[in-house]
Amino acid sequence: MAKLTVGALRAVLVVVLAGTVFVQALMVWALATDPEDGTLPLTPLRVITILGMVSVQATVVCVWRLVTMVRRGTVFSHAAFRYVDAVIGAIVAAALLWLAVTVLNAPGQRADPGVTVIMGGIALAILGVALIVLVLRMLLAQAVARDVEAAQMEAELGEVI
């Protein structure tokens, strides 16, 4: 069952990575060929989209590495922290990028400010996901500490026997 789960997750990660690369390519093409029509600031939105895809790609790569560590049984080590920290950073970056989109979109929503409030709420929810991953990082730290402690106790027990 674990192999099936890991395989399914990796398939999803490949699709997400391919999708983000496709969106980035479209945004770069649009930056180069499609002029702004004046209704929205399209260039900043396109640049933000490209950067948002980079944050998703960073998360995908880090999750892939963490899944590899899980399969090898090495996830309860200090090496896992850099990937978890990178995921947290990418999620915070995505929240800040979404907040930038909200700010760019706000002047067009003067008649209906509810849209801006909802978009701000989405930014807050994205930051909430970063906090959840931070809590999971703390749990990983506890597990690593317990693993180190268990290894020390086993070594001490081996000396006694």
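Heads up: the structure comes first, above all this text.
Residues numbered from 1 in each chain as written. Predicted model: local features only at pLDDT ≥ 70, side-chain atom pairs only at ≥ 80, totals over all residues. Heavy atoms only, no water.

Among the nonpolar cores identified, the biggest contains 15 residues, and Leu66, Met69, Ala80, Val84, Val133 and Leu140 are the most heavily contacted of them. When residues of this core are traced back to their parent elements, those giving at least two are helix 2 (42-72), helix 3 (79-105) and helix 4 (114-160). Ranked by the residues each element gives to this core, the list is headed by helix 3, at 7 residues. If sequence neighbours within four positions are ignored, Ala80 has contacts with Leu66, Met69, Val75 and Leu140. (Core = buried A, V, L, I, M, F, W, Y, C linked by side-chain atoms within 4.5 Å. Buried < 20%, exposed > 50% of the residue type's maximum accessible area, 1.4 Å probe, protein only. Helix = DSSP H or I, 4+ residues; strand = E, 2+ residues; numbered from the N terminus. Contact = heavy atoms within 4.5 Å.)

Before going further, it helps to examine the pattern of salt bridges. Taken as a whole and assessed by the stated rule, the structure comprises 1 salt bridge. Residue Arg137 pairs with Asp85 through a salt bridge whose shortest N-O separation is 2.5 Å. Highlighted residues: Arg137 in helix 4 and Asp85 in helix 3, separated in sequence by 52 residues. What makes Arg137 partly exposed here is its relative accessible area of 24%. (Salt bridge = Lys/Arg side-chain N within 4 Å of Asp/Glu carboxyl O.)

At a closest axis distance of 9 Å, the pairing of helix 3 and helix 4 adopts a crossing angle of 170°. What the angle tells us is that helix 3 and helix 4 run roughly antiparallel. Tallied by class, residues from the contact of helix 3 with helix 4 come to 25 nonpolar, 4 polar and 2 charged. (Axes fitted to C-alpha atoms, helices over the stretch in contact; angles between N-to-C directions. Parallel < 35°, antiparallel > 145°, perpendicular 65-115°, else oblique. Nonpolar A, V, L, I, M, F, W, Y, C, P; charged D, E, K, R; others polar.)

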